[in-house]
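Per-entry structural report
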Amino acid sequence: MAKSTFTHIQELLGDASEYLLDHVCRTVPKEQLHIPARNCVDTIWINSDRNIRVLRSLETMFSHGRLHGTGYLSILPVDQGIEHSAGASFAPNPIYFDPENIVRLAIEAGCNAVASTRGVLGIVARKYAHKIPFIMKINHNELLSYPNKHDQILFASVREAYEMGAVAVGATIYFGSAECQHQIEEVSRAFAAAHDLGMATILWCYLRNPAFKIGDKDYHLSADLTGQANHLGATIGADIVKQKLPILNGGYLALNKEKPGYGKYDKRMYDQLSTDHPIDLCRYQVLNGYNGRVGLINSGGESGQNDFQDAVKTAVINKRAGGMGLISGRKTFQRPMKEGVELFHAIQDVYLCNEVTVA
């Protein structure tokens, strides 16, 4: 007899199964959130200033792939050829030097969309732009200038994304970096232009500053700092924000201990709006995206020894926190395509499983 999807999820979670699947969030109750649903375009964005064409673009993404009609997203992002260098990214599986295989993986895995660079999508656009929603990433950290620095520069224009038939544009801002002010201005203008042309907007809300690493703790992954990055992303017109999964909290507290006067915080952020439980940490990120009106998709992270378990765990945390899905790159394309498809299906099964509920 075949295992149920829920049983398979429990097995992949292992010792963390009860801890994650039985958790009840007592910080911000789920009733206060805008939880992803089949009609989320009608219940969230239709009340916004987004024009009819943006609504159609959003609906196109939510209506594609294995998760169509659920309100959740499963996206393949491959901009690592620039962000992490092509050699380092594709050496584990050189077939992905060929952009067609990137798009093929997204299609065969039943993703809602594929996100990549102007070059990757452009070289195969005429063959595939009508077969799977395209998200063009318009800025990158080129990683070749010496010494490397944390900056994002425009590689492509919003108009190019539109002419290619993309349904959305993506961009990164390195919040907390010395260069983030110009990134905020550039991306804000780009997102306004994208909306004018009828495309949705997705913002990679990453933190970058060496000061965020204190001792053995990396506050780039802190719920309070990443939550504020999400809030800034929502402010400049992102429809969806991409963020790393938080694994700790207290970034403001730690930074002010090192040097008082950084930012603003309230102790209730830590003892009322969140706890140390991973679902509660992620819910704080959702809260900062206008209570879920600006959907949270968490990143899958780099590949490792336990990718299937780690990916399913991340999906469970995101879904139970009130998030909108996962955007999974290196874990999926740095392995044989068949395994990449299977990993995507394992992630998607979490969002298709009715027994995995919002906490």
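Read on for an overview of the structure. This one's a predicted model, so the numbers in the text were calculated from it and none came from an experiment. (Residues numbered from 1 in each chain as written. Predicted model: local features only at pLDDT ≥ 70, side-chain atom pairs only at ≥ 80, totals over all residues. Heavy atoms only, no water.)

1. Some words on the overall build of the protein chain
Within the protein chain, the secondary structure is distributed over 17 helices and 12 strands. Against the 2.2 N^0.38 benchmark of 21 Å for 359 residues, the protein chain shows a C-alpha radius of gyration of 19 Å, consistent with a compact globule. For the C-alpha atoms alone, the extent of the protein chain along its principal axes is close to 55 × 55 × 45 Å. The proportion of buried residues among the 359 residues of the protein chain is 56%. Partitioning the contacts of the protein chain with sequence separation of at least 6, the portion at a separation of at least 24 is 74%. For the protein chain, the computed accessible surface area is about 15,600 Å², with 51% contributed by carbon and sulfur atoms. Across the protein chain, the 36 positively charged side chains and the 37 negatively charged ones have centroids separated by 2 Å. (Helix = DSSP H or I, 4+ residues; strand = E, 2+ residues; numbered from the N terminus. Rg over C-alpha atoms; globule rule 2.2 N^0.38 Å. Buried < 20%, exposed > 50% of the residue type's maximum accessible area, 1.4 Å probe, protein only. Contact = heavy atoms within 4.5 Å. Areas by Shrake-Rupley, 256 points an atom, 1.4 Å probe, with all protein chains shown as cover. Lys, Arg positive; Asp, Glu negative; His and termini not counted. Charge placed at Lys NZ, Arg CZ, Asp CG, Glu CD.)

2. Overview of the packing of helix H14 (residues 278-288) against helix H15 (residues 307-321)
At a closest axis distance of 8 Å, the pairing of H14 and H15 adopts a crossing angle of 55 degrees. Viewed along their axes, H14 and H15 adopt a mutual orientation that is oblique. When the axes of H14 and H15 are compared, the crossing they make is right-handed. Note on element contacts: H15 touches H14 through Ile317, Asn318, Arg320 and Ala321, opposite Pro278, Ile279, Cys282, Arg283 and Val286. Residues that form the contact of H14 with H15 fall into these classes: 6 nonpolar, 1 polar and 2 charged. (Axes fitted to C-alpha atoms, helices over the stretch in contact; angles between N-to-C directions. Parallel < 35°, antiparallel > 145°, perpendicular 65-115°, else oblique. Left-handed = near helix turned anticlockwise from the far one by under 90°. Nonpolar A, V, L, I, M, F, W, Y, C, P; charged D, E, K, R; others polar.)

3. Thoughts on the pattern of salt bridges
Scanning all chains against the criterion turns up 15 salt bridges. In this structure, arginine 104 engages glutamate 108 in a salt bridge whose closest nitrogen and oxygen atoms are separated by 3.0 Å. A residue pair is termed a helical-turn pair when its members lie 3 or 4 positions apart in one helix, as arginine 104 and glutamate 108 do in helix H6 (residues 99-108) at 4 residues. Take glutamate 108: its relative accessible area is 43%, and that puts it in the partly exposed class. Across the salt bridge formed by glutamate 160 and arginine 118, the nearest N and O atoms sit 3.1 Å from each other. Of this pair, glutamate 160 sits in helix H9 (residues 158-164) while arginine 118 sits in helix H7 (residues 118-122), and the two are 42 residues apart along the sequence. Residue glutamate 160 is classed as partly exposed on the basis of its relative accessible area of 29%. A residue is classified by how much of its surface remains accessible, and arginine 118, at 34% relative accessible area, is partly exposed. Salt bridges linked by common partners bring Asp307, Lys331, Arg335 and Glu339 together as one network. (Salt bridge = Lys/Arg side-chain N within 4 Å of Asp/Glu carboxyl O.)

4. Quick notes on the packing of helix H1 (residues 5-13) against H15
Here H1 crosses H15 at 115 degrees, and the two axes come no closer than 9 Å. On the basis of the axis angle, H1 is roughly perpendicular to H15. For H1 against H15, the interelement crossing comes out left-handed. From H1, Ile9, Leu12 and Leu13 reach across to H15, where they touch Phe308, Gln309, Val312, Lys313 and Val316. Residues that form the contact of H1 with H15 fall into these classes: 6 nonpolar, 1 polar and 1 charged.

5. Focus: the packing of aromatic side chains
Evaluated as defined, the whole model comprises 8 aromatic pairs. Aromatic side chains phenylalanine 90 and phenylalanine 97 sit 5.3 Å apart centroid to centroid with 70 degrees between the ring planes, which places their arrangement in the edge-to-face category. Assessed through its relative accessible area of 6%, phenylalanine 90 is described here as buried. The class for phenylalanine 97 is partly exposed, based on a relative accessible area of 47%. Relative to tyrosine 265, the ring of tyrosine 252 lies with its centre 6.4 Å away and its plane at 20 degrees, an arrangement referred to as stacked. Linking tyrosine 252 in helix H12 (residues 251-258) with tyrosine 265 in the loop between H12 and helix H13 (268-271), this pair joins segments that are 13 residues apart in sequence. The exposure class assigned to tyrosine 265 is partly exposed, which follows from its relative accessible area of 40%. (Phe/Tyr/Trp six-rings, centres within 6.5 Å; stacked < 30°, edge-to-face > 60°.)

6. What about unusual backbone geometry?
In the segment running from tyrosine 146 into proline 147, the intervening peptide bond is cis, with an omega of -5 degrees. Inspection of the secondary structure puts proline 147 in the loop between strand E4 (139-140) and strand E5 (153-154). At serine 85, a residue that is not glycine, the phi angle is positive and equals roughly 80 degrees. Along the chain, the position of serine 85 falls in helix H5 (residues 80-90). According to the relative accessible area criterion, serine 85 is partly exposed, its value standing at 31%.

7. A look at the pairing of strand E2 (residues 113-116)
Burial of the side chains of E2 extends over both faces: Ala113 and Ala115 are buried on one face and Val114 and Ser116 on the other. Where strand E1 (residues 73-78) and E2 come together, 4 bridges link them in parallel fashion. Looking at the pairing, proline 77 lines up with alanine 115 of E2. Two elements, E2 and strand E3 (residues 134-137), share 3 bridges in a ladder whose sense is parallel. (Pairing = 2+ DSSP bridges.)

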